[in-house]
Amino acid sequence: MYALTFAIYLLFACTQEALISTPYTVFSNRLNKTLRRTLSGSVLLHNLTLSLGGAILTLLTIAIIRLSYGYEVLHSVIMAMAIVLPATLLWEFSRRFAIAHLQFGNVLVLDTATAISQVMAISCLAWQDSLAATTAYLALGVGAGLPAATFCWLRRAEFQFDRRKVVQDWTENWQFGRWVLSGQIIGLVQGFCPAWVLLFAIDEAATGVFSACTNIVLLSNPLILAMANLYGATTARAYADGGPVAVRRVVRSASILGVSAMLGLWIFLSF
């Protein structure tokens, strides 16, 4: 149930990345400080709107599943996801905001605080025999939300809100990221389709075994995401500073490093 419900988070995380984080990474590097603060305020409001809308849609999903299939256990897990979705998306936004400005030290501090909080919360639940899919999501949400809220509060001077620019910035972000979002949603559906088919065709246990084995393959994700975050922001900065020529230099170095890193990871996982 935990693995199945995680698809809901990934759906809204992909939407956030395609329509908020990635456009901000590209556009913010072309603006002066004043316009950048205005854009930062707009994307923060976009993120909050997406979070609240995602929570409402998640609650509607509960009603649909209840009417169509039953699965009482799944209801409580999805409810927990609806509750923590705004906190987790705020954490993801905070990370991407710092990455867009190449502030990787701040990202490390944020991730470390989040990891410590989440692991401690989950460990306490396990120690008290209270760990389940529902309580695990609540623990992860609290562990992500508190550091993210602290980060945004400390960086509040970098957000300037202009109601006239909010809709305009959203329109530009949508035009920039809509095809990226389409591709990510197709990939997400392809990745989670087997798990949902197993649930309805066999049972929850088969889904759990499949998801556990899939996580072994997903050990490559931290490396892939790290390179994407690093070179996405670096490429945007290179284009703003030196145009296509600078971008080609970054892409060449990224390709060499990426192939080498993935080859090393493949050897490690095979071993």
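Residues numbered from 1 in each chain as written. Predicted model: local features only at pLDDT ≥ 70, side-chain atom pairs only at ≥ 80, totals over all residues. Heavy atoms only, no water.

Caption draft 1: Spotlight on the overall build of the protein chain. In terms of regular secondary structure, the protein chain is built from 8 helices and 0 strands. Secondary structure elements of the protein chain, listed N to C terminal, follow the sequence α-α-α-α-α-α-α-α. Here the C-alpha radius of gyration of the protein chain, 20 Å, is about what a compact globule of 271 residues would show, namely 18 Å. Long-range pairs, those at least 24 residues apart, make up 77% of the contacts in the protein chain with a sequence separation of at least 6. Total accessible area on the protein chain is roughly 15,100 Å²; 71% of this is exposed by carbon and sulfur atoms. (Helix = DSSP H or I, 4+ residues; strand = E, 2+ residues; numbered from the N terminus. Rg over C-alpha atoms; globule rule 2.2 N^0.38 Å. Contact = heavy atoms within 4.5 Å. Areas by Shrake-Rupley, 256 points an atom, 1.4 Å probe, with all protein chains shown as cover.)

Caption draft 2: Representation of the side chain of Ser 51 within the structure. Relative to the helices and strands, Ser 51 resides in helix α2 (residues 33-68). Those residues in contact with Ser 51 that lie beyond four places of it in its chain are Leu 85, Pro 86 and Leu 89.

Caption draft 3: Region of interest: the environment of Leu 108. By secondary structure assignment, the location of Leu 108 is in helix α4 (residues 104-127). For the pair Leu 108 and Gln 184, spaced 76 residues apart in the sequence, the C-alpha separation amounts to 26 Å.

Caption draft 4: Quick peek at the nonpolar core. Within the largest apolar cluster, 38 residues are counted, with the highest numbers of intra-cluster contacts made by Tyr 9, Met 81, Leu 89 and Phe 93. When residues of this core are traced back to their parent elements, those giving at least two are α1 (2-28), α2, α3 (72-100), α4 and α5 (133-154). Looking at this core, the element that brings in the most residues is α3, giving 15 residues. Each residue touching Tyr 9, except ones within four places of it in the same chain, is listed here: Met 81, Leu 85, Thr 88, Leu 89, Trp 91 and Glu 92. (Core = buried A, V, L, I, M, F, W, Y, C linked by side-chain atoms within 4.5 Å. Buried < 20%, exposed > 50% of the residue type's maximum accessible area, 1.4 Å probe, protein only.)

Caption draft 5: Main features of the packing of α4 against α5. Running from N to C, α4 and α5 point in directions that differ by 150°, and their axes come no closer than 8 Å. In terms of orientation, α4 and α5 fall into the roughly antiparallel class. The chirality of how α4 crosses α5 is right-handed. Only Thr 135, Ala 136, Ala 139, Leu 140, Gly 143, Ala 144, Pro 147, Ala 148 and Phe 151 of α5 make contact with α4, whose side of the interface consists of Asn 106, Leu 110, Ala 113, Thr 114, Ser 117, Gln 118, Ala 121, Ile 122 and Leu 125. Along the lines of polarity and charge, the residues of the contact of α4 with α5 split into 12 nonpolar, 6 polar and no charged. (Axes fitted to C-alpha atoms, helices over the stretch in contact; angles between N-to-C directions. Parallel < 35°, antiparallel > 145°, perpendicular 65-115°, else oblique. Left-handed = near helix turned anticlockwise from the far one by under 90°. Nonpolar A, V, L, I, M, F, W, Y, C, P; charged D, E, K, R; others polar.)

Caption draft 6: Molecular detail of the packing of α1 against helix α6 (residues 163-201). For the pair α1 and α6, interaxial distance at closest approach is 8 Å and the crossing angle is 160°. In terms of orientation, α1 lies roughly antiparallel with respect to α6. Classified by chirality, the crossing of α6 by α1 is right-handed. For the contact of α1 with α6, a count of residues per class yields 24 nonpolar, 5 polar and 3 charged.

Caption draft 7: Layout of the packing of aromatic side chains. The final tally for this structure, using the stated rule, is 9 aromatic pairs. Considering the side-chain rings of Tyr 2 and Phe 6, the 6.4 Å spacing of their centres and the 20° angle between planes classify their relative orientation as stacked. Linking Tyr 2 with Phe 6, this pair stays in helix α1, spanning 4 residues, or about one helical turn. Owing to a relative accessible area of 29%, Phe 6 belongs among the partly exposed residues under this scheme. (Phe/Tyr/Trp six-rings, centres within 6.5 Å; stacked < 30°, edge-to-face > 60°.)

Caption draft 8: Focus on unusual backbone geometry. Backbone geometry at Leu 102 places phi at a positive 60°, although glycine is not the residue there. Residue placement: Leu 102 occurs in the loop between α3 and α4. Taking relative accessible area as the criterion, Leu 102 reaches 29% and is therefore assigned partly exposed. Its identity is not glycine, yet Asp 129 carries a phi of approximately 55°, on the positive side. Within the secondary structure, Asp 129 is located in the loop between α4 and α5. Residue Asp 129 is classed as exposed on the basis of its relative accessible area of 73%.

Caption draft 9: View of the pattern of salt bridges. All told, the structure shown has 7 salt bridges when counted by the stated rule. Two residues, Arg 96 and Glu 17, come together in a salt bridge whose shortest N-O distance is 3.9 Å. With Arg 96 in helix α3 and Glu 17 in helix α1, the pair connects residues that are 79 residues apart, well separated along the chain. Overall, the relative accessible area of 15% leaves Arg 96 in the buried class. Three or more residues are tied together by salt bridges with common partners; here these are Glu 17, Glu 92, Arg 95, Arg 96 and Asp 111. (Salt bridge = Lys/Arg side-chain N within 4 Å of Asp/Glu carboxyl O.)

Caption draft 10: Quick look at a nonpolar patch on the surface. A cluster of nonpolar side chains, namely Leu 59, Met 79, Ile 83 and Leu 138, defines an oily patch on the protein surface of about 340 Å² accessible area. Tracing the sequence through the fold places Leu 59 in helix α2. Using a relative accessible area of 40% as the deciding quantity, one classes Leu 59 as partly exposed. (Patch = residues over 30% accessible without salt bridge, like charges linked within 9 Å, V, L, I, M, F, W, Y side chains within 5 Å.)

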